[in-house]
Amino acid sequence: MPRIEVFERVAFAALALLAGTGSAAAQHLWTVDDNGPADFATIQGAVDAAADGDVVLVLPGTFAGFQIASKGLAILGDSVAPPTLSGPVSVMSTSAGQPVVISGFSQLISVPAGSAAPGITISACAGAVRIQDCTWRGQNAFSQATATALRGGSGARIVNSSDVIFVAAVATGGNGGVSQVALTDLSQAPYGGGRALDLSASKLACWGVSATAGLPGTSHTQANVYGEEGGAGALLDGAFLFASGSQLRGGQGGKHSLSSNQCGVAWGYGNCGDGGAGLRLDAAPSSVFVQQPNIFAGAPGTTSCDPGAYYFDGHGVGRVLVHAAGSTLGRVPGPPRTLSAPAYVAGTSIVGLTATGAAGDLVYAVAESSAHFQYDPALGGVWNLAYPPQPAAIPDAVIPSGGSVSFQITLPAVPATQDAEFHFLQLYVADVNGRTFVSAPRTVVLAH
């Protein structure tokens, strides 16, 4: 769709018309509530009924996970009391021009009966996927009466998807497991927890994301004191990651807990699991650019036995970064620029925004009908809209000495033939030295 001019000035001395504003048409607004009048009692029911561009508004409650396939939708949780998801979420097989927006959910997942699933899986998506104000948790590994142990599920698993952005999100890996076999079995190694972010052949940008690997499994075998490496805060395999103001924390390595008697009769030796890397670039070369990085190694695994007395080599190690050959790692100047906006606005087209940054920043708010993904070092981040940016000639706001400013923009009213529509927003920022930056993006849905 073409860019649409906004036609009302905002109440701020340095503000002007917001140029370049658009929206993505939606056919219908569906409601979901697990204990009250609504269109559906389950999110999956609404997703199945919805058409491309529709919006699903989920009221407070606890709901099963859901799957979006080959469809562009906005799934919005209640902003006052975010709904809870009790199962995993999957977004898959979208085409370019089929954006998916998920906003305002927390997630609690119990131990599965089989393999540990990620909290959210995004796979084979050519369309934009925008995740904001959500908490994801991988499933805990199921300790099994076999020789096979399991790593916990990833907080977020992203595969073959080229346009994914997380904003103000939390991703936590599930807990690792151990194989429940004979006390003297060599194969009872404790696994590390699940990775927080697990990327393969994908592009992800993060603003204000906390990514922490899961807790390790604890083994009680006396035959083998080896443990698996803890999960990574972010693991990349042939992927791209931009992370601004985000935390990547590796998990503790697998550990052992033996009684004094078991330590005395143990005949194996070795290290417990290494701590997981805060950032692991693995296998195929990857590219990572970080702004104001906050990256931590996981603690190494432990054993309750005295290494000197019982022939164990002791504990593993922890590493902040594991850097695969051929990969690129770069620093982006800061501080991060952020944007706050409501995910859902009903009954008005006036939207309040809050920008944070450095004193003297000139702030230009841009909104468009579709989302994109373009990393530009000259902008210090990933531009979420049509590239190159086309801000208005006059800024919408100036950041004062306090570091933040609130202002309003007016978006086009929702047409009478529609219930709601998407707007993808981002700030283009010029600092006092003329350097340019981009803020965290936001998606806003307007409704009648």
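Procedures and definitions
- Residues numbered from 1 in each chain as written.
- Predicted model: local features only at pLDDT ≥ 70, side-chain atom pairs only at ≥ 80, totals over all residues.
- Heavy atoms only, no water.
- Helix = DSSP H or I, 4+ residues; strand = E, 2+ residues; numbered from the N terminus.
- Areas by Shrake-Rupley, 256 points an atom, 1.4 Å probe, with all protein chains shown as cover.
- 1 Å grid on protein atoms, 1.4 Å probe; cavity = no way out; pocket = protein on both sides within 12 Å on 5 of 7 lines; lining within 4 Å.
- Points joined across faces, edges and corners; volume = space filled by probe spheres on them.
- Nonpolar A, V, L, I, M, F, W, Y, C, P; charged D, E, K, R; others polar.
- Pairing = 2+ DSSP bridges.
- Contact = heavy atoms within 4.5 Å.
- Core = buried A, V, L, I, M, F, W, Y, C linked by side-chain atoms within 4.5 Å.
- Buried < 20%, exposed > 50% of the residue type's maximum accessible area, 1.4 Å probe, protein only.
- Patch = residues over 30% accessible without salt bridge, like charges linked within 9 Å, V, L, I, M, F, W, Y side chains within 5 Å.
- Salt bridge = Lys/Arg side-chain N within 4 Å of Asp/Glu carboxyl O.
- Axes fitted to C-alpha atoms, helices over the stretch in contact; angles between N-to-C directions.

We now examine the overall build of the protein chain. Helix and strand content of the protein chain: three helices and 38 strands. Carbon and sulfur atoms make up 54% of the accessible area of the protein chain, which totals about 16300 Å².

If you roll a probe as big as a water molecule over the atoms, it shows you where there is empty space left. Here the second largest pocket defines a volume of roughly 170 Å³. Around the second largest pocket, the lining residues are Leu57, Leu76, Gly77, Asp78, Ser79, Pro82, Ser103, Gly104, Asp133, Ala343 and Tyr344. Those elements that provide at least two residues to the lining of the second largest pocket are strand E6 (74-77) and strand E9 (100-107). Grouping the constituent residues of the lining of the second largest pocket by class yields five nonpolar, four polar and two charged.

Sheet topology note: the strand E5 (residues 67-69)/strand E8 (residues 89-92) ladder contains three bridges and is parallel. Within E8, the position partnered with Ala69 by the bridge is Met92. With four bridges joining them, E8 and strand E10 (residues 120-123) adopt parallel strand pairing. In the sheet register, Met92 faces E10, and the bridge partner there is Ser123.

Further remarks concern the environment of Ser257. Note that Ser257 resides in the loop between strand E22 (255-256) and helix H2 (260-265). For the pair Ser257 and Thr218, spaced 39 residues apart in sequence, the C-alpha to C-alpha distance is 6.6 Å. Those residues in contact with Ser257 that sit more than four places away from it in its chain are Thr218, Ser219, His220, Gln262 and Ser304.

The next subject is the nonpolar core. Formed by 50 residues in total, the largest nonpolar core has its most connected members in Ile43, Ile75, Ile102, Phe166, Leu197 and Leu241. Among the elements that make up this core, the one with the highest residue count is strand E11 (residues 129-137) (four residues). The residues touching Leu241, leaving out its near neighbours within four places in the chain, are Leu204, Cys206, Ala234, Leu236, Leu248, Leu279, Ser287, Val288 and Phe289. If you look at the next biggest cluster of nonpolar residues, it comprises 22 residues, including Leu353, Ala355, Val414 and Leu425.

With that out of the way, let us pick up the sheet that holds strand E26 (residues 321-322). Reading across the sheet, the eight strands line up as E5-E8-E10-E12-E15-E19-E23-E26 and stay open at both edges, with parallel pairing between neighbours. Where the open sheet ends on each side, the last strands, each with one partner, are E5 and E26.

Together, Val320, Leu321 and Leu329 make up an exposed nonpolar region whose accessible area comes to about 220 Å². Of note, Leu321 is situated in strand E26.

Pairing is antiparallel in the open sheet, where three strands are placed in the order E28-E30-E35. Both edges of this open sheet fall to strand E28 (338-340) and strand E35 (404-410), since each of them pairs with a single strand only. When the angles between neighbouring strand axes are averaged without regard to direction, this sheet yields 25°.

By the definition in use, this model includes one cavity of 30 Å³ or more. One number sums up the size of the largest cavity: a volume of about 30 Å³. Lining the largest cavity are Arg130, Gln132, Ile165, Val167, Pro441, Arg442 and Thr443. The set of elements that each furnish at least two residues to the lining of the largest cavity consists of E11, strand E13 (164-167) and strand E38 (442-447). Each residue belonging to the lining of the largest cavity can be placed in one class, and the counts come to three nonpolar, two polar and two charged.

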